[in-house]
Structure formats: C-alpha cells, structure tokens
Amino acid sequence: MRHFLDFRDLTRDDVTAMLAEAMRLKHTRTHGEERTLHGKSLAMIFEKNSTRTRVSFEVGMRELGGNPVVLQKDDLQLGRGETVADTARVLSRYVHAMMLRAYHHVTLIELAQYASVPVINGLTDLLHPCQLMADLLTMEERLGNLHGKKIAWVGDGNNMANTYITVADLMGFELVLACPKAYGPDKEILEQARANGANITLTTSPDEAVTDADVVVTDTWVSMGDDDTLTRKQAFYGLQVNEALMAKAKKDAIFLHCLPAHRGEEVTDAVLDGPQSFVWDEAENRLHTQKAILLWCLEVI
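Residues numbered from 1 in each chain as written. Predicted model: local features only at pLDDT ≥ 70, side-chain atom pairs only at ≥ 80, totals over all residues. Heavy atoms only, no water.

A. Summary view of the sheet that holds strand β3 (residues 97-101). With parallel pairing, the 4 strands of this open sheet are ordered in space as β2-β1-β3-β4. One side of each edge strand has no neighbouring strand; the edge strands of this open sheet are β2 (67-72) and β4 (119-123). Neighbour-to-neighbour, the strand axes of this sheet turn through a mean angle of 20 degrees, independent of strand direction. Relative to β2, strand β1 (residues 41-46) runs parallel, the two sharing 6 bridges. Each residue of the ladder has a partner; that of F46, found in β2, is Q72. (Pairing = 2+ DSSP bridges. Helix = DSSP H or I, 4+ residues; strand = E, 2+ residues; numbered from the N terminus. Axes fitted to C-alpha atoms, helices over the stretch in contact; angles between N-to-C directions.)

Given below as structure tokens:
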C-alpha cells in the first residue's frame, strides 16, 4: 500500500514518475477528462481551512472520474471524541483513499497506521509534501533538471522549509535557508538530511542565501496556528523578499511562494507580481501534481 506522507519514504523514481505524470496530465487536460479513477472515492479530511488543497484535490478527483467526499473535522465523530484510529478503520471500509490536512503530524501518522487504504499528507505542522510536488514541477518547467541548482529559502523554518530539506538530496539541489535563529527548521530533519549527504546550509543572512540562487522561495512569517505576535514579526525584520534581494539572485532566477501571501510582509508586490514570479503557475500545478499523487497512491502509475 502506498501512502504519500513524507519524501523520506519515497525514492527518486517515485517522485520522477509522479512529476512526469503530472506534466502529461497538465498538457492533456484541455483535450477532455480522463476517467482513470471512475468508481473510486477520496475522503478529504480538513482540520484546517484550505483554498488550494481543497479545490485542487476536489477538482482533480472529479476530472479523473472519481468521487471526492469533503469532511470538516466537525462533520466527523472526531469532533465528538472518536479516536483517529477508529475513524481510520471506518473510513477505510467506505473509500479508496484519504487525504488529511491536520494541525499535528502525529494525527497523520496515526491515521495512516490504522487505515487500510492509502493516506495522503495534505499538510501538517511538520511537512507539506503536496505543495512541494507543485514547486518541483514548476521549477522543472522553468529550469529543467534540478541537480546542482541553488535554491534559497528565506523566512520561517516552517513545514515548507522542512519539506524542502527532505527532498534536497533526493533531487540533488543545493539548499540554503536563511532563518532567524529562534525560527529555524526541524533539527532532526536537518541532521538526517545532512547525514544522507544533502548539500544544505543554514544561515541568518538572506543575502548569503539568495546570492547566485536559481530559485528564491518564501512563505508567510505567521503560519496557521502560530501566535501572531509583534515579537515574532520583529524576528523576521530584514528577511523580506524585495527587488533588492531578488537582484542578488541569478538574472533568470524564479520566485516561488506557496500562498496565501501577506503582501508587504514576507514579500513585496513588486516581486510577487513581477516577471520573475511564477506563483500562479505554482498554484495551478497543485491540481496536476495532486492528480499524479492520487494515481500513484492507487497504483495506476
């Protein structure tokens, strides 16, 4: 059974196969719907609100001929005390796969442990591999093979930063993360990646990170569930991605952001709406990579 929880569980061949399928699906979308998952159902469980995850999975499942079932936490007996394990056992009798967007990574692990169908990580506080798949597709569309490319992460060492770390060695790119000292990425994930040979540098200097970078990536300074405090925002002073910072990257460097963006905080309008920004392609690619993930989990590819 194939779960999609963490890039550390996958091989390069797994990721390459999904990216190739996503590219194929993107190029053939306008030629009519594929009914590859006709008769299949996907339970989409949301503890957190969502725009891109919700719409991309729901539309993607329908375009593949399947049936998405959207479940907010309060729609389930989870909201009244039923255990995650029991929920996993029950839903496994009804659907062919589950997607969970959760606050805590341990919730995802428990769901996958007791489910007898594939489980997809739609986001947790630790990792966001679905978004990273869309980022990889966008980068490969613009840059080709990512081996040896320099990717700069500027901002919070959050679930997206952690996920970039988990895939750096797998895809062979250099990763430099500029984060405030108190807001760095998960230490265990970083240490494991370095032990596996990943080329990763952690710094507090955005200039160091972005200089000669092929890709510049950021995210909100205050993620869903974080305390929106003045102290937190002050820690990120100087880490805004603006035109001056982007000018330190390569001339053909691209800018990515998983969205939603807090314009004027982690990124300026001039960068987000500028010619080097591919955030809208990145957002669109959630649809195509989501489809590929579903097909991989259900062993169609």
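B. Molecular detail of the pairing of strand β6 (residues 174-178). In terms of residue burial, β6 counts as a mostly covered element, since 4 of its 5 residues are buried. Across 5 bridges, the pairing between strand β5 (residues 150-154) and β6 is parallel. Each residue of the ladder has a partner; that of I151, found in β6, is L175. Tracing the backbone out of β5, into helix α6 (residues 159-171) and back to the parallel element β6 gives a crossover that is right-handed. Crossover β6 to strand β7 (residues 200-203) through helix α7 (residues 187-195) is right-handed. (Buried < 20%, exposed > 50% of the residue type's maximum accessible area, 1.4 Å probe, protein only. Right-handed = clockwise from strand over helix to strand, strands pointing away.)

C. Spotlight on the pattern of salt bridges. Scanning the model with the defined rule gives 15 salt bridges in all. As a salt-bridge pair, R24 and E34 come within 3.0 Å of each other at their nearest N and O atoms. Of the two residues, R24 sits in helix α1 (residues 12-28) while E34 sits in the loop between α1 and β1, which places them 10 residues apart along the sequence. Given the relative accessible area of 34%, R24 is considered partly exposed. Between E63 and R29 there is a salt bridge, with its nearest N and O atoms 2.7 Å apart. With E63 in helix α2 (residues 52-63) and R29 in the loop between α1 and β1, the pair connects residues that are 34 residues apart, well separated along the chain. Given the relative accessible area of 15%, E63 is considered buried. One continuous salt-bridge network, built from bridges that share partners, spans E21, R24 and E34. (Salt bridge = Lys/Arg side-chain N within 4 Å of Asp/Glu carboxyl O.)

Everything listed is a geometric property; what it means functionally is a separate question.
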